[in-house]
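Chains, contacts and geometry: an overview
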Amino acid sequence: LPAPNDVALALAARAGLALGSEVRTETRFDRKSYFYPDLPKGYQITQLAAPLNEGGGLDVPLAKGGTRRVRLSRIHVEEDAAKSTHDPHTGATLVDFNRAGVPLIEIVSEPDLRSPDEAEAYLRKLRDVLVFAGVNDGNLEEGSFRCDANVSIRPMGQEGFGTRVELKNINSFRFVRDAIAHETRRQEAVIRGGGRVAQETRSWDPDRQESAPMRGKEDAEDYRYFPDPDLPPLTLGEAWLEARRAELPELPDALRARFQAELGMTADDAKVLGAHPALARYVEAVARGLAAADLALPKAGKKAANFVQAEVLRDVVQEGVDARFPVEAEALAELLALVEKGTINGKIAKTVLAKMRDEGERAEAIVTRDGLAQVADTGAIEALVREVVEAHPAQAQQYRDGKKAVLGFFVGQVMKRSKGKANPKLVNEALRVALDAG
């Protein structure tokens, strides 16, 4: 017999709290009766009369600016069905029962979305919240986050909605946008041709960019809902709910705002580095580790953000709600601290990072072992500057004639002779003195 999954219920409640829903402490399960090959027992365990979560909503950013409030009707717990695969070549249907009976949540929104682009933006924002809340890995390709879209159209000025058509199990943001756009055009063509839109469920074929009818869409009374006799009503209690509330982590909007306020990041920095919870934790750990080396936190945050985006992000491997990084956050903070102390410069830091990733050693050990410490001896730098200036008299004259941009050429030559280890600030100062002296 079926039994409630306590972890699934806890995660479902966390999703409701993250989305502003009212979470019930008393709930129950119902049977939804229908026959389809993916549900051979003829009914689905779900929630109708007393869903775990009711209400809530999301503020979805719009491309033209501003936001649209998308209200949520409910977030209920139910069992998954099997997976049907329709072979377009043979016409056969294969049914995979491995996921049948696995608990899931269905998040039902009110009809507040007005375009395919808005639907895509809503799903991206929803996925964002669920991943940060730790209740979903957001993997569309594997089906752990998928969408059913109900589409209806109406003439301008008409208040009542038209007949809705459901598009099933779409597993890509782009496919959602394309499917809704296609269905909107299809329904408009039916109505303009004098026909009536049938209430039905349709499948979406992304390769052909077209939908096909699957079955007639029933109304609620056709499903013959009744309380599931195998599952008694659940009394979860206020203590249980408070424990779920205490588990709720920082959500993406709040985190990105804090990254800007506390860590000195730009809005773009915060958007990129706050796109995944593990990445957000990592860059903050780097920033705070760097700040421990007597650097103001906003400055440390900005330096960490710049370096992670430029040198680390491409090697990050996301694994659901976790991720793997080429070096530990503490080790990266130590590397950036060496740059701040002037032990190495930014260019050498990139070389050291590659060695840290490939060899697993810490930055200071690599710098000492390979002799990568920055040359800060003013006498040695001045000697290099004299050699370079004397070797390039034509460029030196261009500088003295007012073409100050040629200074960059000399800096490059000195850095080349020093194998990238000369202190760039001291090099610039010494070059200006030497060139101005003429």
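The following refers to the structure shown. This structure is a prediction, so every number in the text was calculated from the model and none was measured.

Here we come to the overall build of the chain. Across its full length, the chain holds 15 helices and 18 strands. For 438 residues, the compact-globule estimate of 2.2 N^0.38 gives 22 Å, and the C-alpha radius of gyration of the chain, at 30 Å, exceeds that figure by more than 25%. Across its three principal axes, the chain shows a C-alpha extent of roughly 95 × 55 × 45 Å. Counting all 438 residues of the chain, 41% fall into the buried class. When contacts within the chain are restricted to residue pairs at least 6 apart in sequence, those whose partners lie at least 24 apart make up 62%. Of the charged side chains in the chain, 61 are positive and 68 negative, and the gap between their average positions amounts to 5 Å.

A few words on the sheet that holds strand β14 (residues 210-216). Ordered in space as β11-β12-β13-β14, the four strands form an open sheet in which the pairing is mixed. The sheet is open, and its two borders are formed by β11 (147-151) and β14, each paired with just one other strand. Between one strand axis and the next, the sheet turns through 30 degrees on average, direction left out of account. Of the strand pairs in this sheet, strand β13 (residues 200-205) and β14 are connected by six bridges, and their pairing is antiparallel. Bridge pairing links D205 to E210 in β14. Each of β11, β12 (165-170), β13 and β14 touches helix α3 (residues 173-192); the most contacted strand, β12, lies at about 160 degrees to it.

Below, the discussion takes up the nonpolar core. Core analysis: the largest hydrophobic core is formed by 43 residues, its most contacted members being L332, L335 and V352. Residue assignment for this core shows that the elements contributing at least two residues are α5 (252-263), α6 (267-273), α7 (277-291), α8 (297-312), α9 (329-341), α10 (346-359) and α11 (363-369). With residues near it in sequence (within four places) discarded, L335 still touches F307, I344, A349, V352, L353, M356 and A363. Listed in part, the 30 residues of the second largest apolar core include A18, I75, L123 and I170.

The subject of this paragraph is the sheet that holds strand β4 (residues 43-46). Spatially, three strands are ordered β4-β3-β15 in an open sheet, and the strand pairing comes out antiparallel. Each end of this open sheet is capped by a strand with a single partner; those strands are β4 and β15 (226-227). Pairing geometry for strand β3 (residues 30-33) and β4, over four bridges, is antiparallel. Bridge pairing in β4 links D30 to T46.

Among the residues of helix α14 (residues 407-417), L407, F410, V411, V414 and M415 are the ones counted as buried. Buried residues in α14, looked at end-on, bunch into an arc of 135 degrees, giving them a common side. For α14, the elements touching its buried residues are α12 (378-391), α13 (393-400) and α15 (424-437). One or two positions beyond α14, positive phi appears at K419, with a value near 60 degrees.

With two bridges joining them, strand β5 (residues 53-54) and strand β7 (residues 67-79) adopt antiparallel strand pairing. Note on β7: the bridge partner recorded for E54 is R74. Sheet topology note: the β7/strand β10 (residues 103-109) ladder contains seven bridges and is antiparallel. Bridged to R74 within β10 is V108.

With that settled, the discussion passes to the pattern of salt bridges. Under the counting rule described, the total for this entry stands at 47 salt bridges. Among the ionic pairs, R245 bridges to E242, the shortest N-O distance being 2.5 Å. Taken together, the positions of R245 and E242, both in helix α4 (residues 238-247) and three residues apart, correspond to about one turn of that helix. Members of the salt-bridge network, linked through shared partners, are E250, R258, E262, E284 and R288.

Here strand β6 (residues 57-61) runs beside β7; their pairing, made up of five bridges, is antiparallel. Across the sheet, V60 pairs through a bridge with R68, a residue of β7. Counting the residues that bridge the hairpin from β6 to β7 gives five residues, and of these G65 lies at a positive phi of roughly 105 degrees.

Let's shift gears to the packing of α7 against α8. Interhelical geometry of α7 versus α8 gives an angle of 130 degrees and a closest axis separation of 8 Å. Regarding the angle of α7 to α8, the classification is oblique. The crossing of α7 and α8 is right-handed. Counting all contacts with α7, which are made through L279, Y282, V283, V286, A287, R288, L290 and A291, the residues of α8 involved are L297, A300, G301, K303, A304, A305, V308 and V312. Taken together, the residues of the contact of α7 with α8 sort by class into 13 nonpolar, one polar and two charged.

Rules and cut-offs
Residues numbered from 1 in each chain as written. Predicted model: local features only at pLDDT ≥ 70, side-chain atom pairs only at ≥ 80, totals over all residues. Heavy atoms only, no water. Helix = DSSP H or I, 4+ residues; strand = E, 2+ residues; numbered from the N terminus. Rg over C-alpha atoms; globule rule 2.2 N^0.38 Å. Buried < 20%, exposed > 50% of the residue type's maximum accessible area, 1.4 Å probe, protein only. Contact = heavy atoms within 4.5 Å. Lys, Arg positive; Asp, Glu negative; His and termini not counted. Charge placed at Lys NZ, Arg CZ, Asp CG, Glu CD. Pairing = 2+ DSSP bridges. Axes fitted to C-alpha atoms, helices over the stretch in contact; angles between N-to-C directions. Core = buried A, V, L, I, M, F, W, Y, C linked by side-chain atoms within 4.5 Å. Arc of directions from axis to C-beta. Salt bridge = Lys/Arg side-chain N within 4 Å of Asp/Glu carboxyl O. Parallel < 35°, antiparallel > 145°, perpendicular 65-115°, else oblique. Left-handed = near helix turned anticlockwise from the far one by under 90°. Nonpolar A, V, L, I, M, F, W, Y, C, P; charged D, E, K, R; others polar.

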